[in-house]
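What follows is the residue order along each chain.
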Amino acid sequence: LVQSPSALVPAPPPEEMAAMLEGDVALDTWLLHQCGELLGMRQLSAHTLRSDAERSMLFLRDLHSILNQLREQRHASETGPTERETNVKILYEKVYRSLQRTAEEIRMLHEDMEMVNQFCGGNLVPPAVQQYPQHQPAPEEMHHQQPQKPAHHEAHKSQQ
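Residues numbered from 1 in each chain as written. Predicted model: local features only at pLDDT ≥ 70, side-chain atom pairs only at ≥ 80, totals over all residues. Heavy atoms only, no water.

1. So, the overall build of the chain
Phase 1 of the analysis: Of regular secondary structure, the chain possesses four helices and zero strands.
Phase 2 of the analysis: Start at the N end of the chain and walk to the C end: the helices and strands fall as α-α-α-α.
Phase 3 of the analysis: Within the chain, the proportion of its 160 residues that are buried is 28%. (Helix = DSSP H or I, 4+ residues; strand = E, 2+ residues; numbered from the N terminus. Buried < 20%, exposed > 50% of the residue type's maximum accessible area, 1.4 Å probe, protein only.)

2. Looking at the state of the cysteines
Phase 1 of the analysis: Counted under the stated rule, the structure contains one disulfide.
Phase 2 of the analysis: Sulfur-sulfur distance for the disulfide between Cys35 and Cys120 comes to 1.6 Å. Linking Cys35 in helix α2 (residues 23–77) with Cys120 in the loop between α3 (83–119) and α4 (151–159), this pair joins segments that are 85 residues apart in sequence. Each of the two residues, Cys35 as well as Cys120, counts as buried. (Disulfide = S-S within 2.5 Å.)

3. With respect to the nonpolar core
Phase 1 of the analysis: Counting 12 residues, the largest nonpolar core is built from Ala53, Met57, Leu60, Leu63, Leu67, Leu70, Val88, Tyr92, Val95, Tyr96, Leu99 and Ile106.
Phase 2 of the analysis: Elements that contribute at least two residues to this core include exactly α2 and α3.
Phase 3 of the analysis: Beyond its immediate stretch of four places on either side in the chain, Leu70 contacts Arg84, Glu85 and Val88.
Phase 4 of the analysis: In this structure, Cys35, Leu39, Val116 and Cys120 belong to the second largest nonpolar core, which totals seven residues. (Core = buried A, V, L, I, M, F, W, Y, C linked by side-chain atoms within 4.5 Å. Contact = heavy atoms within 4.5 Å.)

4. Remarks on the confidence of the model for the chain
Phase 1 of the analysis: Looking at the chain as a whole, its pLDDT mean stands at 78, while 66% of the residues score no less than 70.
Phase 2 of the analysis: Here α4 stands out as the least confident element of the chain, with mean pLDDT 42; α3 is the most confident, with 95.
Phase 3 of the analysis: Within the model, the stretch residues 127–133 combines pLDDT values under 50 with 12 contacts to residues more than four positions away or in other chains.
Phase 4 of the analysis: Segment residues 144–160 is flagged for pLDDT under 50; beyond a separation of four residues in sequence, or across chains, it makes 22 contacts in the model. (pLDDT = per-residue confidence, 0-100.)

5. Some details on the pattern of salt bridges
Phase 1 of the analysis: All told, the structure shown has four salt bridges when counted by the stated rule.
Phase 2 of the analysis: Residue Arg107 pairs with Glu104 through a salt bridge whose shortest N-O separation is 2.3 Å. Note that Arg107 and Glu104 are positioned in helix α3 at a spacing of three residues, about one turn of the helix.
Phase 3 of the analysis: When its relative accessible area of 31% is taken as the criterion, Arg107 is described as partly exposed. (Salt bridge = Lys/Arg side-chain N within 4 Å of Asp/Glu carboxyl O.)

6. Brief notes about unusual backbone geometry
Phase 1 of the analysis: Located in the positive-phi region is Glu78, a residue other than glycine, with phi close to 55°.
Phase 2 of the analysis: For Glu78, the location among the structural elements is in the loop between α2 and α3.
Phase 3 of the analysis: What makes Glu78 exposed here is its relative accessible area of 74%.

7. Comments concerning the packing of aromatic side chains
Phase 1 of the analysis: As enumerated under the stated definition, the model contains one aromatic pair in all.
Phase 2 of the analysis: Pairing Tyr92 with Tyr96 gives two aromatic rings, centres 6.4 Å apart and planes at 10°, and the pair type is stacked. Of this pair, Tyr92 and Tyr96 both sit in helix α3, four residues apart, which is roughly one turn of the helix. (Phe/Tyr/Trp six-rings, centres within 6.5 Å; stacked < 30°, edge-to-face > 60°.)

8. Overview of the environment of Thr82
Phase 1 of the analysis: Among the secondary structure elements, Thr82 is positioned in the loop between α2 and α3.
Phase 2 of the analysis: Here Thr82 falls in the partly exposed class, since its relative accessible area comes to 40%.

Below you can see the structure in the form of structure tokens.
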């Protein structure tokens, strides 16, 4: 029932549709089609947001590892935080907050899809499978975490 966005053809305005449609069956068919179109767009949006969240989580993991390395260097030299460490920490906090907003948007999209799906008969879209984010340390939790190697280093090693 869900078509790709490129296959979408704009529907006539509701006034024209009312004149064209005869009987409840035609109206129900039109409503079901419109629900399917809307759900298809919402699914595409949710997929894009999930991809964004996955990439953000990988980036956060790498930033967390870098921050741990910078902290170890700082403790070894018994100095204060460097400008680089401060900037990486600020970046981590911004990406973390962005990931939280993305997760909330995904949750709201799934709620919207469930509402439209229920209104349209309940069988147009499968239930949500994945919720984001998987736990990433909040900025205030970071100093308690053990260092990890950045994900891009691990991916590079596995390709060698």
